[in-house]
Amino acid sequence: MAQEAAGRPPEETLSLWKREQARLKALLVDRDTEAWQRDPAFAGLHRVGGVDVSFVKGDSVRACASLVVLSFPELEVVYEESQMVNLTAPYVAGFLAFREVPFLVDLVRRLQEKEPGLMPQAGFGVACHLGVLTELPCVGVAKKLLQVDGLENNALHKEKIRLLQAGGDTFPLTGGSGTVLGMALKSHSRSTKPLYISVGHRISLEVAVRLAQRCCRFRIPEPVRQADIRSREHIRRTLGHLGPSAPGQERAAPAPQGPLSLRSTEMAWPWKPHMTATSHAPGP
């Protein structure tokens, strides 16, 4: 039976959330902090992670949180965990991280306890908020443009998209204030729609764009694509929901032996210490 999350929280809760966002914003690092980030080929980067929250159709309470870790540059899954969760906070624009991030932080901490050698060195999804709380370098990736600071999905924006010809082509997302808020990236040569990349935490925008593109077999970076596939599959297995399978869906391969050196419909901007994450449609 479908469940409904509570309505809009009281102003007291919203004020608390605003204060927490301000606290996290003060801790946000928007520059490169790791040696591998300064290498053109990302030498020293061996694991990347992705997170996703998928929802049960017609149910605003039950969802599945998923974390995957992939080898880099091979992009093979070496670790995965999904868990069903009950969302207690309602959806409020600008505060979605408070609805989803606690479950994702829990997954990261459980990985750290169980398999510390498989901790990702970089991650995708819920970039700013999760990055600060876990101290992992994180990249913001979105499929849709968040229209803030004068950014609009207007005719000029569409023309810039049309001019993206090859995989790796980009154009800056410059707000009305003159601040570059992120980059539009043609992540794959066969993609007709760009991704919107932003700084999450402990990474520069230039490196975030390069890393996102290196992680794309299709349009969506593989860590997030695999997290989405596995969260959807977990819902089907757990609840027997037989919705359409995601393209390219497969079971995870077992983690190799030996040591290994590691969503979203709205954009996470550098000053906004949260990223709204929803399931990505896998595939090109």
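Remember, it's a predicted structure, so these values are computed and weren't measured experimentally. (Residues numbered from 1 in each chain as written. Predicted model: local features only at pLDDT ≥ 70, side-chain atom pairs only at ≥ 80, totals over all residues. Heavy atoms only, no water.)

**Let's talk about the overall build of the protein**
Argument step 1. Across its full length, the protein carries six helices and eight strands.
Argument step 2. Ordered by position in the sequence, the α and β elements of the protein form the string α-β-β-β-α-β-α-β-α-β-β-β-α-α.
Argument step 3. For the protein, the exposed surface amounts to about 12,600 Å²; the carbon and sulfur share of it is 54%. (Helix = DSSP H or I, 4+ residues; strand = E, 2+ residues; numbered from the N terminus. Areas by Shrake-Rupley, 256 points an atom, 1.4 Å probe, with all protein chains shown as cover.)

**Some remarks on the confidence of the model for the protein**
Argument step 1. Summarising the model, the protein shows a mean pLDDT of 83, and 81% of its residues fall at 70 or more.
Argument step 2. The model gives residues 242–284 a pLDDT under 50, and that stretch makes 157 contacts with residues more than four places away or in other chains. (pLDDT = per-residue confidence, 0-100. Contact = heavy atoms within 4.5 Å.)

**Describing the packing of helix 1 (residues 11–27) against helix 3 (residues 127–134)**
Argument step 1. Interhelical geometry of helix 1 versus helix 3 gives an angle of 70 degrees and a closest axis separation of 10 Å. Our classification of the angle between helix 1 and helix 3 gives roughly perpendicular. Seen from helix 1, the contacting residues are R23, L24 and L27; seen from helix 3, they are H129, V132 and L133.
Argument step 2. By residue class, the composition of the contact of helix 1 with helix 3 is four nonpolar, one polar and one charged. (Axes fitted to C-alpha atoms, helices over the stretch in contact; angles between N-to-C directions. Parallel < 35°, antiparallel > 145°, perpendicular 65-115°, else oblique. Nonpolar A, V, L, I, M, F, W, Y, C, P; charged D, E, K, R; others polar.)

**What about empty space enclosed by the protein?**
Argument step 1. Here the largest cavity defines a volume of roughly 70 Å³.
Argument step 2. The wall of the largest cavity is formed by eleven residues, among which V51, L67, G123, L130 and L136 lie closest to the centre.
Argument step 3. Only strand 1 (47–55) and strand 4 (122–124) provide two or more residues apiece to the lining of the largest cavity.
Argument step 4. When residues in the lining of the largest cavity are grouped by element, the largest group, three residues, is from strand 1.
Argument step 5. Its residues assigned to classes, the lining of the largest cavity comprises eight nonpolar, three polar and no charged. (1 Å grid on protein atoms, 1.4 Å probe; cavity = no way out; pocket = protein on both sides within 12 Å on 5 of 7 lines; lining within 4 Å. Points joined across faces, edges and corners; volume = space filled by probe spheres on them.)

**A look at the pairing of strand 7 (residues 180–185)**
Argument step 1. Within strand 7, five of the six residues are buried, which leaves the element mostly enclosed by the surrounding structure.
Argument step 2. Bridge analysis of strand 6 (residues 170–174) against strand 7 gives five bridges, and the strand direction is antiparallel. Across the sheet, residue T174 finds its bridge partner in strand 7, namely V180.
Argument step 3. A loop of five residues connects strand 6 with strand 7, the two strands running antiparallel in sequence, and G178 in this loop sits at a positive phi of about 90 degrees.
Argument step 4. Pairing analysis gives three bridges linking strand 7 to strand 8 (residues 195–201), with the strands arranged antiparallel. Looking across to strand 8, one finds that A184 is bridged to Y196. (Buried < 20%, exposed > 50% of the residue type's maximum accessible area, 1.4 Å probe, protein only. Pairing = 2+ DSSP bridges.)

**Some words on the pairing of strand 8**
Argument step 1. Taking burial as the measure, the seven residues of strand 8 include seven buried ones, the bulk of the element.
Argument step 2. Pairing between strand 5 (residues 138–142) and strand 8: five bridges, direction antiparallel. Within the sheet, the bridge partner assigned to C138 lies in strand 8 and is H201.

**Topic: helix 2 (residues 96–114)**
Argument step 1. Taking 1.5 Å per residue as the helical rise, helix 2 with its 19 residues ought to reach 27 Å, and the 28 Å between its terminal C-alpha atoms agrees with that figure.
Argument step 2. Remark: the principal bend of helix 2, roughly 30 degrees, maps to P102.
Argument step 3. Where helix 2 is concerned, the buried positions are L96, A97, F98, R99, E100, V101, L104, V105, L107, V108 and L111.
Argument step 4. In this structure, the buried side of helix 2 is in contact with helix 1, strand 1, strand 2 (62–71), strand 3 (77–86) and helix 3. (Expected span 1.5 Å × (residues − 1). Bend = angle between axes of the 7 residues up to and from the residue.)

**Some remarks on the environment of Q37**
Argument step 1. By secondary structure assignment, the location of Q37 is in the loop between helix 1 and strand 1.
Argument step 2. Given the relative accessible area of 1%, Q37 is considered buried.
Argument step 3. Taking C-alpha positions, Q37 is 7.7 Å from I203, a pair spaced 166 residues apart along the chain.
Argument step 4. Discounting residues that sit within four places of it in the chain, Q37 has contacts with D32, P137, R202, I203, V207 and R210.
Argument step 5. Within polar-contact distance, the side chain of Q37 engages the backbone nitrogen of T33 at 2.6 Å. (Polar contact = N/O pair within 3.5 Å; in protein donor to acceptor, adjacent residues only side chain to side chain.)

**Some words on the nonpolar core**
Across soluble globular proteins, you tend to see nonpolar side chains buried next to one another.
Argument step 1. Counting 28 residues, the largest nonpolar core has L45, V48, F72, I197 and L211 as the members making the most contacts within it.
Argument step 2. Of all the secondary-structure elements, those providing two or more residues to this core are strand 2, strand 5, strand 7, strand 8, helix 5 (205–214) and helix 6 (222–239).
Argument step 3. Tallying contributions element by element places helix 5 first for this core, with five residues.
Argument step 4. Judged by nonpolar contacts, the second largest core, of 23 residues, contains A65, L87, V101 and M119. (Core = buried A, V, L, I, M, F, W, Y, C linked by side-chain atoms within 4.5 Å.)

**Side note on helix 3**
Argument step 1. Among the eight residues that make up helix 3, seven are buried, leaving the element largely enclosed by the rest of the structure.
Argument step 2. Of the residues trailing helix 3, E135 is marked for its positive phi of about 65 degrees.

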